[in-house]
Amino acid sequence: MDMSKSSSLWIWFKCWAVSVSLTGTLLGASIEDVRKQIDPATGKPKDSTTSFSVTGVVSARATVEGNQVLAVIQPVGAAGVPLLISAADAAKIIPRNDVTLTGTLQEGPHGVTALKVKEGSVTLNQTNKAFGSAEPRGVSFFQDASSLEGRYVSLTNVTFVAPKFDGSGLAKVKGEGGEVLIWLTPTLKDRDVPAGAVNVFGVPVKRDGQWVLLAARFLSVNNRTAQTLATKHTCMTCHNPDIKAVGPAYRDVAASYRNDPDAVAKLAAQIEKGGGGKWGVVPMPPLGAKVPVDDRQQLAQWIYGYRWDALLAE
Ligand code: HEC
């Protein structure tokens, strides 16, 4: 080993480390760097003074105590860290937004260590960015989810235990082998839970010493079947569930109807009769002659299922 080289490297490193601690801001830190500052044994921050400036995509999100928002920021395809944001900046912290922000590690609500975001420090770089595919997991995995902490996961084939959300910010789902708590926004209070079996997407976090899933999205377990049906009926040549194409993203369509009790009927009517003027200048052709009534109904229900994305982000 070349000693002179390694010692000059060491001096360089020391200078860099001193400059970091003097300014107190680690610009362009990676999310992995920030994760390393959380003690794996206790879950508490090792360093609460350095301001980390990070860039990543927002995945799960819920409103929590004190009118704050708890969300997760991830590098695409890798583990993220929780964020705690005040209401003032929360509008930029919605799932699929790619953001740059600055914060210090603090112990947040329910013992979750999070990067407490400095007010006014959030820059929106891009919307609609995917954060990588979900790793499917069953209920029993949540006994100890430490190996997937901070990762985007789908909890597959579960049903909600209560018929309505109660505003506590928690909901219980059951699947083969037990139950898991889902952490979600209390604004869902009094809404009916999704009907039937669902896959719940989100990020495992340890809340008050227990593994729960901070929710990002609910999709019916029939999602793939519906998507195949949509492909067969050429919907996917103009639409994508998540991204605007010739036609609007189904996620945006569902969000705009999220409080409309007649939403499914209206969406089914659009498929039958077509129409324009709501999303742009290009109209949608009528497809009633090609798409049978049962399929229209199924597609309308599937599209409306994407409303949970918007409701969970409230
Ligand atoms: C040739 C392109 C094209 C095809 C094929 C197509 N759409 Fe559309 N769709 C559009 C456009 C454009 C709009 C926006 C119309 C507007 O601005 O009101 C739209 C709007 C919609 C809406 C939103 C209605 C609303 O009230 O907001 C739904 C739902 C929808 N399409 C479903 C479907 C389904 C399901 C299929 C397949 C059976 C399909 N579309 C096939 C282009 C298409």
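In the block above lies the structure referred to throughout.
The structure presented is a predicted model; accordingly, all values stated were derived computationally and were not measured. (Residues numbered from 1 in each chain as written. Predicted model: local features only at pLDDT ≥ 70, side-chain atom pairs only at ≥ 80, totals over all residues. Heavy atoms only, no water.)

Overview of the environment of Ser53
Quick note on the threshold: Numbering of helices and strands starts at the N terminus; helices are DSSP runs of H or I of at least 4 residues and strands are runs of E of at least 2. Note on classification: 1.4 Å probe, protein chains only; a residue is buried when its accessible area is under 20% of the maximum for its type, exposed when over 50%, partly exposed between these limits. The criterion used for residue contact is that any of the two residues' heavy atoms lie within 4.5 Å.
Looking at the secondary structure, you find Ser53 in strand S2 (residues 51-64). Using a relative accessible area of 11% as the deciding quantity, one classes Ser53 as buried. The sequence separation of Ser53 and Gln227 amounts to 174 residues, and the corresponding C-alpha distance is 39 Å. The contact partners of Ser53, leaving out residues within four places of it in the chain, are Leu26, Leu27, Gly28, Ala29, Thr100, Leu101 and Thr102.

As for the coordination of the iron atom of the ligand
The line we're drawing: For Na, K and Ca the donor cut-off is 3.2 Å; for every other metal, N, O and S atoms count as donors within 2.8 Å. Water does not enter the count, which can leave sites looking incomplete. Between 85 and 135 degrees for all angles marks four donors as tetrahedral; over 155 degrees for opposite donors together with 65 to 115 for all other angles marks four donors as square planar and six as octahedral; every other arrangement is irregular.
The coordination sphere of the iron atom of the ligand contains the protein donors His239 (NE2) and Met284 (SD), at a distance range of 2.0 to 2.1 Å. For the iron atom of the ligand, the six donor atoms in the first shell make angles of 85 to 179 degrees at the metal, so the coordination geometry reads as octahedral. One end of the pair, His239, is in the loop between helix H3 (223-232) and helix H4 (250-256); the other, Met284, is in the loop between helix H5 (263-273) and helix H6 (293-304), and 45 residues separate them in sequence. In terms of burial, His239 and Met284 fall into one category: buried.

Thoughts on the packing of aromatic side chains
Test applied: Pairing of aromatic rings covers Phe, Tyr and the six-membered ring of Trp, with a centre-to-centre limit of 6.5 Å; geometry is then stacked below 30 degrees between planes, edge-to-face above 60, and tilted otherwise. Only Lys NZ and Arg CZ are tested; either one counts as a charge over a ring when it is within 6 Å of the ring centre and within 35 degrees of the ring normal.
Taken as a whole and assessed by the stated rule, the structure comprises ten aromatic pairs. Taken together, a centroid distance of 5.7 Å and an interplanar angle of 85 degrees make the contact between Phe141 and Phe142 edge-to-face. Residue classification places Phe141 among the buried positions, given a relative accessible area of 16%. According to the relative accessible area criterion, Phe142 is buried, its value standing at 6%. When the centroid spacing of 5.9 Å and the interplanar angle of 70 degrees are considered together, the rings of Phe165 and Trp308 count as edge-to-face. Residue Phe165 is located in the loop between strand S9 (153-160) and strand S10 (170-175), and its partner Trp308 is located in helix H7 (residues 307-312); the two are separated by 143 residues in the primary sequence. We classify Phe165 as buried; its relative accessible area is 4%. Look at Trp308 and you get buried, because its relative accessible area is 4%. Counting every residue linked through ring pairs, the aromatic cluster contains Phe160, Phe165, Phe218 and Trp308. It is Arg207 that lies over the ring of Trp183; its NZ or CZ is 4.5 Å from the centre.

Focus on the site of the ligand
Applicable threshold: Any residue with at least one heavy atom within 4 Å of a molecule or strand is counted as near it. We call two N or O atoms a polar contact when they sit within 3.5 Å, provided that within protein one can donate a hydrogen and the other can accept it, with sequence-adjacent residues counted only if both atoms are side-chain atoms. Classification used: nonpolar for Ala, Val, Leu, Ile, Met, Phe, Trp, Tyr, Cys and Pro, charged for Asp, Glu, Lys and Arg, polar for all others including Gly.
For the ligand, the set of nearby residues contains 27 residues, the closest of which are Cys235, Cys238, His239, Tyr257 and Met284. Between Gly277 and the ligand, the recorded distance is 3.4 Å, taken from a backbone N or O atom to an oxygen atom. Note that an oxygen atom of the ligand is positioned 2.5 Å from one of the side-chain N or O atoms of Lys278. Secondary structure elements with two or more residues in the shell around the ligand: H4 and H5. In the shell around the ligand, the residues fall into 16 nonpolar, ten polar and one charged.

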